[in-house]
Structures are given as C-alpha cells and as structure tokens.
Amino acid sequence: MPRVTTSGPRVRWGSEALAALVVTLGCTTEYIALGAQATSPLPGPQAAALGILLGILTAVIGIALAALGAGTRPMISGPRVASTLFLSNLVGALVADPAMAALGIRPILALAGVAVLISGLMQMVIGLRHGGSFVRKVPAPVLSGLIFGVAGLALADQVNFLVRCTLDWDVVTLVIAGLGIASHFAWRTFAQYVSRKRKLALPSGLSLFVAMLVAAGAYYLALRVLPAPSPACRLIGVAGLDFANWRPVDTGLWLDLLHGVSLHALMLTIGYGLVIGFVSSLDTVIAVSSIESLTLRRGTVDRDLLAFGAVNTLLGALALLPNVGSVTRSNMAITSGAQTRWTAVMHAVLVCVALTAGVGLVAMLPKLAVAVVVIIMSLDMIDEGARTITRHAFSDARPRRLFGAAMWLFALELIATLASGQPLVGFGVGAVFGALVAWPTPRRLTVTIAAGNARDGSLVATLSGALLAYNVDSSVVEPLLAQVDEANAARERAHPDIPLAALAPLPVVLDLAGVVRTDLTACRALAQFAQFCAARHADVRFRVPAANASASHTMTQALPHFVPASRLHVVPAAGHPAASDAMPESRPLAPPYS
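Residues numbered from 1 in each chain as written. Predicted model: local features only at pLDDT ≥ 70, side-chain atom pairs only at ≥ 80, totals over all residues. Heavy atoms only, no water.

Q: Can you walk me through the pattern of salt bridges in this structure?
A: Pairs can form between side chains of opposite charge once their charged atoms are near each other. Evaluation of the coordinates by the stated rule reveals ten salt bridges. Arg298 is the partner of Glu478 in a salt bridge, and the nearest nitrogen-oxygen pair spans 2.4 Å. Of this pair, Glu478 sits in helix α20 (residues 469-494) while Arg298 is found in the loop between α11 (263-295) and α12 (301-317), placing the two residues 180 residues apart along the sequence. The shortest N-O distance in the salt bridge between Arg541 and Asp539 comes to 2.8 Å. Overall, the relative accessible area of 18% leaves Arg541 in the buried class. Shared partners join several salt bridges into a network, and the residues in it are Arg298, Asp473 and Glu478. (Salt bridge = Lys/Arg side-chain N within 4 Å of Asp/Glu carboxyl O. Helix = DSSP H or I, 4+ residues; strand = E, 2+ residues; numbered from the N terminus. Buried < 20%, exposed > 50% of the residue type's maximum accessible area, 1.4 Å probe, protein only.)

Q: What's the story with unusual backbone geometry in this structure? I'm lost.
A: Between Arg73 and the following residue, Pro74, the backbone shows a cis peptide bond with an omega angle of 0°. Looking along the chain, the bond that leaves Arg398 and enters Pro399 is cis, with omega of -5°. Inspection of the secondary structure assignment puts Pro399 in the loop between α17 (384-393) and α18 (400-420). Look at Asp170: it is not a glycine, yet its phi comes out positive at around 60°. Within the secondary structure, Asp170 is located in the loop between α7 (140-169) and α8 (172-197). For Asp170, a relative accessible area of 54% corresponds to the exposed category. Of note in this structure, Leu296 is not a glycine but carries a positive phi near 60°.

Q: Would you mind going over helix α3 (residues 81-96) with me for this structure?
A: Working note: α-helix, 3.6 residues per turn, so residues spaced by three or four point in the same direction. The terminal C-alpha atoms of α3, which comprises 16 residues, lie 22 Å apart, in line with the 22 Å expected from a rise of 1.5 Å per residue. Along α3, the positions that sit buried rather than exposed are Val81, Ala82, Ser83, Thr84, Leu85, Phe86, Leu87, Ser88, Leu90, Val91 and Leu94. (Expected span 1.5 Å × (residues − 1).)

Q: Is there a simple way to explain helix α5 (residues 105-128) in this structure?
A: In this model, α5 (24 residues) spans 35 Å end to end at C-alpha, consistent with the 34 Å of a helix rising 1.5 Å per residue. In the segment just after α5, His130 is the residue with positive phi, at about 55°.

Q: Can you help me understand the pairing of strand β2 (residues 459-467) in this one?
A: Here is the key point about a regular strand: its side chains alternate between the two faces of the sheet. Counting buried positions along β2 yields seven of nine residues, so the element is predominantly enclosed. Sheet topology places strand β1 (residues 445-451) next to β2; seven bridges connect them, and they run antiparallel. Pairing of Thr446 across the sheet is with Ser464, part of β2. Across eight bridges, β2 lies against strand β3 (residues 506-518) in parallel orientation. Each bridged residue has a counterpart across the sheet, and for Thr462 the counterpart in β3 is Asp511. You can see the chain leave β2, run along α20 and come back into β3, and the turn it takes is right-handed. (Pairing = 2+ DSSP bridges. Right-handed = clockwise from strand over helix to strand, strands pointing away.)

Q: It is not clear to me how the nonpolar core should be interpreted in this structure. Could you clarify?
A: A general tendency of soluble globular proteins is for nonpolar side chains to be buried together. Counting residues in hydrophobic clusters, the biggest one holds 117 residues, and the most contacted among them are Leu90, Ile176 and Leu368. Residue contributions to this core peak at 13 residues, all from helix α2 (residues 47-69). If you look at the next biggest cluster of nonpolar residues, it comprises 47 residues, including Met407, Val472, Leu481 and Leu559. (Core = buried A, V, L, I, M, F, W, Y, C linked by side-chain atoms within 4.5 Å.)

Q: How should a nonpolar patch on the surface be read in this particular structure?
A: A cluster of nonpolar residues, Trp13, Leu65, Leu68, Leu314 and Trp342, forms a patch on the protein surface that exposes about 470 Å² of accessible area. Relative to the elements of secondary structure, Trp342 occurs in helix α14 (residues 342-357). Given the relative accessible area of 34%, Trp342 is considered partly exposed. (Patch = residues over 30% accessible without salt bridge, like charges linked within 9 Å, V, L, I, M, F, W, Y side chains within 5 Å. Areas by Shrake-Rupley, 256 points an atom, 1.4 Å probe, with all protein chains shown as cover.)

Q: What am I meant to see in the sheet that holds β2 here?
A: Strands belonging to one sheet form pairs held by backbone hydrogen bonds; the direction of such a pair is parallel or antiparallel. Taken together, five strands build an open sheet; the order of strands is β1-β2-β3-β4-β5 and the sheet is mixed. Lying at the two open borders of the sheet, with one neighbouring strand each, are β1 and β5 (568-571). The mean inter-strand angle of the sheet, taken between neighbouring strand axes irrespective of direction, is 20°. (Axes fitted to C-alpha atoms, helices over the stretch in contact; angles between N-to-C directions.)

Q: Which parts of the structure should I look at to understand empty space enclosed by the protein?
A: This model, assessed by the stated rule, comprises five cavities of 30 Å³ or more. If you go around the second largest cavity, the residues you meet are Glu30, Arg80, Arg188, Gly205, Ser207, Leu208, Thr328, Met332, Met377 and Asp380. Elements represented by at least two residues in the lining of the second largest cavity include exactly α9 (207-223), α13 (327-335) and α16 (367-380). Looking at the lining of the second largest cavity, its residues break down into three nonpolar, three polar and four charged. (1 Å grid on protein atoms, 1.4 Å probe; cavity = no way out; pocket = protein on both sides within 12 Å on 5 of 7 lines; lining within 4 Å. Points joined across faces, edges and corners; volume = space filled by probe spheres on them. Nonpolar A, V, L, I, M, F, W, Y, C, P; charged D, E, K, R; others polar.)

Fair warning: the whole summary comes from geometry, so function is off the table for now.
Here it is as structure tokens:
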C-alpha cells in the first residue's frame, strides 16, 4: 500500500492571517456584488440590501464550514458567478409566476433556498458515488468552454444593465465602467512589474478592490457636474443589515408556501436546483484541479463534493445562496502564503467583521461599481486552458489535429452555451462531441509498469494505444503516483538514517513510443504528473521517437508544448524500444518539433 501522509503542513499563523487579509480585501466586493445580483429580479428598493445580506451570510457561514469539511486545502469558497446567475434566473422566473408573485418576496426567496438545498443533496450524491473521478475524465476543452460560456452569460447580463444606465446617463456610464475595468488590469500589471523589478510582492488579488474604489470615485466625481441618474443606476442604498428580514425558520411562511406554491414554480425549483448542483460540482472540481497544480498535492475530489453538498444543504435550509469552490480566490490565497484551511476560516471571520462594521460604506457603493466588479469577475473566469487552446489553435503549432480538435470542441460548447443561455445545454453538447472525438480507434490504452534498476529503485511504464482524457488519470497518473509513494517508502526503510531529500531523486520513465493517439487533456495531465513527481522527490523522463525519423509521431509533436524539452528522451523510431534497467541519459529534443 502506498504511504499516505496524514499530517498537513505546519500552520504558520502569520502567513495564514496575511493571506486571509488579502483575500478579504480582494473578494469581499464579490460577495456584495453577487448578493445584489441574486436578488436583482425582485421589485422594490430594498432588494439589493436583502441580497447583500444573503451574500454576506453565505460567505461567513459557507466558507468556514466548507473549509473545515473539505480535504483539498487551502480551498477558498463562497458565492460564485455561475451558480448565482442560475439562482437569479430562478428568482426572476418565480417573480413572473402570478401565483408566486401574489405570495410576496420572502416566499420566493424561501423557494429559491429549496433549490439550493436540492443542489446540495445532488452534490452529496455525486460525492458518495465517486462522481469526482468521472469529472476528471471530461476533456479540458469542455470544461474551458463551460467556464467561458458562463462568463459570457454573466457579461451579457451586466452589459444590459450598463446599456440601460447609458440611455439615462449618456456616455459617462461607459467611462465609469471603463475606468474601473482598466484599473483592475493596471493594478495587476503594476504588481507584476514591482515583483519582477523590485522583488517586492504586491497582492495582485487586490485589483478587484482597486477597481471598485476607482469606479465609485468616478461616479461621485460625475455627480458633481451632472444630474443624478435614474434610481436603478444609483447607490445600493443599504440602510443597515437588517437581520429581521432574514427569517428562514418561519412556520407561517412555509405553511403559506405549501398551500400556495404552483406546480410550475415547484418544477422550476427542482430543475434549477439540479442545474445549480451540477454546475457547482463542476466549478468545485475545477477549483480542486487548480489547487493541485499550485500545491503539487492531489486533491480529495469526492470528499470535497460531499462537504460542499452538506454545506449547501444547510445554506438552502437557511434560504441563502449556494457556496462553491473558487479558482481565483484559492489561487489568491495560495500566492499570498496560505497553506491550510485556517486561511478560509479567518477570511470568513474578517468578512463578518468588515461588513457589519462598515455597512455605512457599503450603502455608499454605486450600482455601477457593483456591475464593474461582476464584469471583472466574469473576465477572470476565462482560464489558462482557454488561452492555451486559442493560442495554439491559431498558430502553426503541431500537431494541428490535436489543437484543432480542442479548438472545435471548445468553440462548439461556447456557442451552444451562449445561444441557449443555459450552461448545462452547452456542457451536454460539449460532452457529446467530446465522446465523438474520442470514438475513432484505437480507444484502448495498455500500461505496463515494471521495476527498472534495483540499485536506484527506478520505475518504467510502457504505454501503447490511445492516451486520452478518459483514461490518463485512472490508468496512468493515479497508479504511477501510488507506485512512486511505495518506492519512496521502500527507500526510506532501506536508509532509515538518511532523509528522503538527501537521496538521489527516484528515476521514473514513461515510454510513449507506442502511443498512437492523444489529446490536449492527456498532455496536460502528463505535465502535471511530472510536477507531482517532482514534489515527491522523483525525476520523470518521457521517451519519444526521434523527430527526424518519425516527424508524424503524435507524442513527439505534442509533448514539447507542455513538458520541458530536458525531460524528453529521444529513442530510435523503428520498433518499440525495450525498457532498460537504468535511467536513460537525458538528451533534449531538438527543434523543430513538427
């Protein structure tokens, strides 16, 4: 059995507190903006105030509980764009239902909470049925297309808001929004410049906070020379966080809802609950993958989904928003020094203190500044995977079939998501076409793992067939990492007085000469596998056929885009080279790769 390290990293309270402060400054505006977005379809001037209250409570309760339950750390969660957008759509659909509109605002929010509860139950089922491992089999272009599509839908919603305000306040609206968005990118560029030139780390995650301040300042400057815009475009106007408006345990309300809810509203609630649960699960798994890449530790996907499901079941019963794992917040915390779950707990406490003590400042926020925050959050959802696919697809990178297939898959899902307005429809289209792309023969992968030289304990894995998204993790990454852990445990037993780091790195060889088909997801997985092995004090090398002898070999062309050339060991193309007993001498793959 592989050795499992149960103890987490040592808590450095100073670093954890600093990371929590940075995340609080950078992300508190997100909770305000998403809370206002969730209740935006509700009528009346207090809809935004009620939404902000729900957003704050969701962050304070959900982030801390999810951090204590999840195994992947440091995971920073909270309300997210995709799930909040769906909840907002549900609230709008319930407001348009005459039977529900007659009951009032609080029953509508209670029914929206039922949808969150259903989403939590669905996530728990996915976690209990080990659904996280199935999500890992989804091609990377499909996940990137989903994120890009959701970002597009959120942007479209905010653009509609800006257009309405522009009709009332002319081009000044666009100037304010442009200044806020520009300040976001300016701060990030400045932080990178200072880090590179001055060796001083400025938190790039504060860009959202800076953008909100710039947009709010531009709004107040415009008020000095222009008449005020329409009420829909003015301040949020939170008079106070009135907890009396939040009464989830209200027997009379639930009795009224039980007798007054229509079948149409009930079916909407169930349908949106399932969609929110599915999309939230995908969002959380993507966050786990991102944390894995940064921390070089394997995540606990199924446990995380189970924990988030339990938290969302509770949040739904309390009529709050769904809580989802976040890529951007977790990355911000990690780059600021976070290593444990206590960063998320301290972040939740700081959010509670900041927004209850500073509610007067929140009341002064213009709705235009909130819209700028949501737009920036949507732009930040465009992940590195989407940029990698686009950059390679529109270049002369080889193999063109690999990058072309990824780009078509990404584009099809993006178009389906934007055209239907439903990310789940787009994901279904992406999954279907992803399966079709993987259908041509060969589809099977054969993996043979053998011990190399007994003196150094090296491992040699010979792969043949199709190395694709649906088999790379379960057939290559997981079993090989387990073998590496076993080999390291044996080396520690053989040298009890010598630390593992003082020994020579464990040689690991992947012979890829027999691989005849691959895709972008598998190549990225191999690159991440090399990073995981490096964190385990193992040195990975990949055997590929010589480019000048077999220019069309798919791994020879594809891997240099993902793996450093120093890790590629060139072997003769004729025949399948037998695995040697010793670690092969590294010989970089010489360009050109095509």
